[in-house]
Structure formats: C-alpha cells, structure tokens
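Here are the chains, one letter per residue:
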Amino acid sequence: MSELDRVELAAFLRRSRARVRPADVGLESGPRRRTPGLRRQEVAQLAGMSVDYYIRLEQGRGPRPSRQILAAIARALRLSDDERDHLYHLGGEVPGPPAGPARDVRPGVLHLLDRLDDTPALVCDATYEVLAWNAMAAALLGDFSRLPPGERNLIWRFFTDPEARARHDEEGARRFARESVADLRAAAARYPHDAGIRRLVGRLRAASPEFGELWAEHDVQVRRSASKRLRHPLVGWLDLDCEGLHDPHRDQWTIFYTAAPGTPSHEALRLLRVVGTQDLSAREA
C-alpha cells in the first residue's frame, strides 16, 4: 500500500470531472449548466456514494478511500486504464492486475492490415484469439470469418482440429504445442480474474489430453518471433518468418508472415495472392 496524496488526488478528480460531458454518461446537459463537465453530485450518484463523501475527496480531506471507492470513481469518470492506475496511486493503493485482454484493435492497425495485400498478417490477443486479419492471412490460414467467434483461436484450432495441426511440419507442431501452452499460462498469470481464459483452459483440458499434460508442466514462456514451415493445400510447403509486433497497452500481437525474396516460399506467397481462399474449407484455420 502506497502513501495517500490528498492534494494531488483532489486536483486530479476535479480535472477529470471537468472533462466528462453529461452526454458521455447518459445525462442531459440542460440549459442551466454553467460549467463544462459533470457536477459533483452526478459523479457521486454514478459512483454509488454519498455526495458529502465525494465533495470531501475533491476538497482534499476526509478518510482514505478504499479500493472499491476508487474503482467506482474511475468508472464514473470514464478513466482510461492509465488514468485509473494513476488514481489508485494517488489514493494510496497499488493498482490491481487488468481485468482481461483487450478485444478492440486500434484503427491504425486495421488500416495497416488492409494495406498489406501481399503479406499475410493478423492480430491476436494474449490468448491467441484472432481479432483481425487480412485477405492474405485468410488465404494462408483459412477464412476466420466462416468460424464462430469461439473457434477463432489458434491454440484451440491446433489442439482440436487435425487439419489445422497438419499445416505444421512435425518439428514445428511440437514446438508450437509447447510454446503456445507456456505462453497461455503466462497470460493466465497476468489476468488471474479473466473468466474467458479460465473457460478456454477448461475447454482445452477437456478436449485434448496433450494440452492437459503440457499445462500440468507449468512451463512459462512469452511469445517471440519465430520461423515456421507451414503447408498450404494448394501451394504446398512454405518456409516463413513470423515477425510479431507487440502493443503493450492492449497486450496484442500483430503477426506478419514473410518469406525471403527469391525463394520458392516467396514465389508461393505470390501465387497465394492470386489463389486467395478459393476451394478452401472453413475448417482450415
């Protein structure tokens, strides 16, 4: 537990309250509102606390706020994750772990995927859930749009779908199995309260004895860039470099599949750009 800074906490609350428009929280602005932002009583109502208690916080007096109070104020003021952590520090509390991996992909990343018409690329979260992909990724790995959202997960597909596993060579399959499970365990530790990760692990343990054995080993390893040998049903084997760019704020990876120019794999990618997703099964992912 850190030290409470009443002066800075009060100033931060006042500035944050002034930035929130009534319409942002479903309130009417009204003709008699003289200052921008929310009123103190409105913040108190949204946070589920007494008006007098909130006023004392903004005046730099009163008792030390609990974690529950700080969390309620953060929600009421629509604070970002960084602002919420700052609020916790000012209130004398150490920020807890994030609730779970972010699911929204930044617009700039989506624009980048669309512009890459000759390179397979996709965005995964910390659980290997595929959040976005371009046409070349669909051509290489299968069209994720044809799959239910619960099956757009690379680990789930690998351990439950023989066709997805068969895209890897024997050595690559062994490496992906071990490294992906170790990476998922690291994600479970970063997000101990995320129900989605617990459900995914439970489904995998029930569906795959191999996953269960690897999970029981408690290996931990965060994803890194790697080389892969993948088989495509129409263009054959491709030796690819998988480069991952990490967005630490969202804990997401943008993964690019490339091949060295002048190699057979590079020519196969050029052919794949023409072939697209024709004749591919929706199960190939």
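Caption draft 1: Region of the structure containing the overall build of the chain. Across its full length, the chain carries 13 helices and 5 strands. Relative to the compact-globule value of 19 Å for 285 residues, the chain shows a C-alpha radius of gyration of 24 Å, a clear excess of over 25%. Overall, the C-alpha framework of the chain stretches about 70 × 45 × 30 Å when taken along its three principal axes. Considering the chain as a whole, with its 285 residues, one finds that 44% of them fall into the buried category. Long-range contacts, defined as pairs at least 24 residues apart, comprise 60% of the intrachain contacts of the chain with a sequence gap of at least 6. Carbon and sulfur atoms make up 51% of the accessible area of the chain, which amounts to about 15000 Å² in all. With 44 positive and 41 negative side-chain charges, the chain shows a spacing of 8 Å between the two charge centroids.

Caption draft 2: The sheet that holds strand β1 (residues 121-124), seen in detail. Here we have 5 strands laid out as an open sheet, ordered β2-β1-β5-β4-β3, and antiparallel in their pairing. Every other strand in the sheet has two partners, leaving β2 (130-133) and β3 (226-232) as the edge strands with one partner each. If you compare each strand with its neighbour and ignore which way they point, the axes differ by 30 degrees on average. Direction of pairing for β1 relative to β2: antiparallel, over a ladder of 3 bridges. If you follow C124 over to β2, its bridge partner there is V130. Against the sheet, helix α6 (residues 107-115) engages β1, β2 and β5 (252-258), with an angle of about 155 degrees to β1.

Caption draft 3: Structural detail: the packing of aromatic side chains. Enumeration according to the criterion identifies 6 aromatic pairs in this entry. Note on F159 and F211: the rings are 5.5 Å apart at their centroids and 80 degrees apart in plane angle, and the pair reads as edge-to-face. Here F159, found in helix α8 (residues 154-160), pairs with F211, found in helix α12 (residues 209-216); they are 52 residues apart in sequence, far enough to count as distant. Just as F159 is buried, F211 falls in that class too. Among the aromatic residues, those joined into a cluster by ring pairs are Y128, F158, F159, F176, F211 and W215. Sitting over the ring of W215, R185 keeps its end group 3.9 Å from the ring centre. The cationic tip of R203 hangs over the ring face of W156; the distance from NZ or CZ to the ring centre is 4.0 Å.

Caption draft 4: Layout of the side chain of R250. Position of R250 among the secondary structure elements: in the loop between β4 (236-247) and β5. The contact partners of R250, leaving out residues within four places of it in the chain, are A102, D104 and R106.

Caption draft 5: Molecular detail of the pattern of salt bridges. Using the criterion set out here, one finds 23 salt bridges in the structure. Taking the shortest distance from any N to any O, the salt bridge between R19 and E83 comes out at 2.9 Å. With R19 in helix α1 (residues 6-19) and E83 in helix α5 (residues 81-90), this pair connects stretches of sequence that are 64 residues apart. Residues R40 and E58 are paired through a salt bridge, measuring 3.0 Å at the closest nitrogen-oxygen approach.

Caption draft 6: Layout of the nonpolar core. Counting residues in each nonpolar core, the largest one holds 43 residues, and the members touching the most others are L122, F159 and Y257. Counting residues in hydrophobic clusters, the runner-up holds 25 residues, among them V25, A47, M49 and L70.

Parameters and conventions
Residues numbered from 1 in each chain as written. Predicted model: local features only at pLDDT ≥ 70, side-chain atom pairs only at ≥ 80, totals over all residues. Heavy atoms only, no water. Helix = DSSP H or I, 4+ residues; strand = E, 2+ residues; numbered from the N terminus. Rg over C-alpha atoms; globule rule 2.2 N^0.38 Å. Buried < 20%, exposed > 50% of the residue type's maximum accessible area, 1.4 Å probe, protein only. Contact = heavy atoms within 4.5 Å. Areas by Shrake-Rupley, 256 points an atom, 1.4 Å probe, with all protein chains shown as cover. Lys, Arg positive; Asp, Glu negative; His and termini not counted. Charge placed at Lys NZ, Arg CZ, Asp CG, Glu CD. Pairing = 2+ DSSP bridges. Axes fitted to C-alpha atoms, helices over the stretch in contact; angles between N-to-C directions. Phe/Tyr/Trp six-rings, centres within 6.5 Å; stacked < 30°, edge-to-face > 60°. Lys NZ or Arg CZ within 6 Å of the ring centre and 35° of its normal. Salt bridge = Lys/Arg side-chain N within 4 Å of Asp/Glu carboxyl O. Core = buried A, V, L, I, M, F, W, Y, C linked by side-chain atoms within 4.5 Å.

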